[in-house]
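# Coordinate inspection notes
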Amino acid sequence: SRLAARQMLSFGGTVAVTGFLEFLTGSIDTLAVGRYVGTAGLGQYSRATLLVTLPVENATTATARVLLPSLSRVQADSDRFGRAVMIMIAMLAYVVVAPVAMIAAAAPSIVPIILGEGWTVAASVLPIVGAASGLVLLTQNIGVAAEARGVVRLKFRIQVLALFTTCTMIAAVVVGGPTITRFAVAWLLGEMARHTSYWIW
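A brief look at the structure comes next. What you see is a predicted model; the values in this text were computed from it and never measured.

So, on to the overall build of the protein chain. Along its length, the protein chain carries seven helices and zero strands. Sequence-ordered secondary structure for the protein chain, helices as α and strands as β, is α-α-α-α-α-α-α. Rg of the C-alpha trace for the protein chain: 18 Å, near the compact-globule value of 17 Å for 201 residues, within the 12% margin. Taken along its principal axes, the extent of the C-alpha atoms in the protein chain is 60 × 35 × 25 Å. The proportion of buried residues among the 201 residues of the protein chain is 38%. Positive and negative side-chain charges of the protein chain, numbering 14 and 8 respectively, have mean locations separated by a distance of 10 Å.

What follows concerns the packing of helix H3 (residues 78-105) against helix H4 (residues 107-115). Across the interface, H3 lies against H4 with an axial gap of 5 Å and an inter-helix angle of 85°. As summarised for this structure, H3 and H4 are arranged roughly perpendicular, according to the angle between their axes. Touching Ile103, Ala104 and Ala105 of H3 are Ala107, Pro108 and Ile110, all from H4. Within the contact of H3 with H4, the residues separate by chemical class into six nonpolar, no polar and no charged.

Right, let's get into the side chain of Thr139. Relative to the helices and strands, Thr139 is located in helix H5 (residues 120-149). The class for Thr139 is buried, based on a relative accessible area of 1%. Not counting residues within four places of it along the chain, the set of residues in contact with Thr139 comprises Arg194, His195 and Tyr198.

What follows covers the packing of aromatic side chains. Under the definition given, this model contains two aromatic pairs. Directly above the aromatic system of Tyr36 lies the positively charged group of Arg35, at a separation of 5.1 Å from the ring centroid. Lying across the ring of Phe81, Arg149 places its NZ or CZ 4.8 Å from the centre.

Counting 47 residues, the largest nonpolar core has Tyr45, Leu71, Phe81, Val85, Met88, Leu126 and Val129 as the members making the most contacts within it. Those elements that provide at least two residues to this core are helix H1 (2-36), helix H2 (39-73), H3, H4, H5, helix H6 (152-176) and helix H7 (180-200). The greatest single-element share of this core, amounting to 15 residues, is contributed by H5.

So, about the environment of Arg35. Mapped onto the elements of the fold, Arg35 is located in helix H1. Residue Arg35 is classed as exposed on the basis of its relative accessible area, which comes to 60%. Between the alpha carbons of Arg35 and Pro178 there is a distance of 9.9 Å; along the sequence they are 143 residues apart.

Moving on to the environment of Leu154. Here Leu154 shows up in helix H6. Here the alpha-carbon distance between Leu154 and Thr14, two residues 140 residues apart in the chain, equals 9.9 Å.

A cluster of nonpolar residues, Val17, Phe156 and Val160, forms a patch on the protein surface that exposes about 210 Å² of accessible area. Its place among the elements puts Phe156 in helix H6.

For the rest of this paragraph, the subject is the pattern of salt bridges. Evaluation of the coordinates by the stated rule reveals four salt bridges. Where Lys155 meets Glu22, a salt bridge forms, and the shortest distance between an N and an O atom there is 3.8 Å. One end of the pair, Lys155, is in helix H6; the other, Glu22, is in helix H1, with 133 residues separating them in the sequence. You can call Glu22 partly exposed: its relative accessible area is 27%.

What follows is about the environment of Met192. As for its position among the elements, Met192 is in helix H7. By relative accessible area, Met192 is classed as partly exposed at 39%. Note: C-alpha distance between Met192 and Glu22 (170 residues apart in sequence) is 14 Å.

What counts, and where the lines are drawn
Residues numbered from 1 in each chain as written. Predicted model: local features only at pLDDT ≥ 70, side-chain atom pairs only at ≥ 80, totals over all residues. Heavy atoms only, no water. Helix = DSSP H or I, 4+ residues; strand = E, 2+ residues; numbered from the N terminus. Rg over C-alpha atoms; globule rule 2.2 N^0.38 Å. Buried < 20%, exposed > 50% of the residue type's maximum accessible area, 1.4 Å probe, protein only. Lys, Arg positive; Asp, Glu negative; His and termini not counted. Charge placed at Lys NZ, Arg CZ, Asp CG, Glu CD. Axes fitted to C-alpha atoms, helices over the stretch in contact; angles between N-to-C directions. Parallel < 35°, antiparallel > 145°, perpendicular 65-115°, else oblique. Contact = heavy atoms within 4.5 Å. Nonpolar A, V, L, I, M, F, W, Y, C, P; charged D, E, K, R; others polar. Phe/Tyr/Trp six-rings, centres within 6.5 Å; stacked < 30°, edge-to-face > 60°. Lys NZ or Arg CZ within 6 Å of the ring centre and 35° of its normal. Core = buried A, V, L, I, M, F, W, Y, C linked by side-chain atoms within 4.5 Å. Patch = residues over 30% accessible without salt bridge, like charges linked within 9 Å, V, L, I, M, F, W, Y side chains within 5 Å. Areas by Shrake-Rupley, 256 points an atom, 1.4 Å probe, with all protein chains shown as cover. Salt bridge = Lys/Arg side-chain N within 4 Å of Asp/Glu carboxyl O.

As structure tokens, this is what we get:
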């Protein structure tokens, strides 16, 4: 029916636009580093991000694919849905937070071994991008829970807030003096805004 088609297009269109905004939020810091710090700084920044996210990214992506249909089945039962989401977050916290924290703490030793000499900037910024990346991976699956519950417009609004916060912080860094560390903090603050908004929900 036309009504069902409209509902499906509205749901799918909101998910698609939100996904694009997530991509922008996750990329704008890298674009800003390349534009205002330069290619050498961008290399340091991107390697630090890659080192800290690569070990856990595949696990969280696979989890997201399983979570959507599983949580959708219990979306009408608020108690079961809430318990399932809390268990998921606790499990992911072990999978994501522990490795990211260990890599961040050992960054001065790990980075020279993996990348070689000349990557001291990457080692210094790694704990900040590690915290931001960890939040991204945790929040990604909470966003899946929002989709499973059917509240995609809420997810869209939360993503707009995160993008606005990140852009505002990046603009402040550009005005105040762009450095890799400051751009990393701007990204972290944007992710904190997004994660906190989901917890409030």
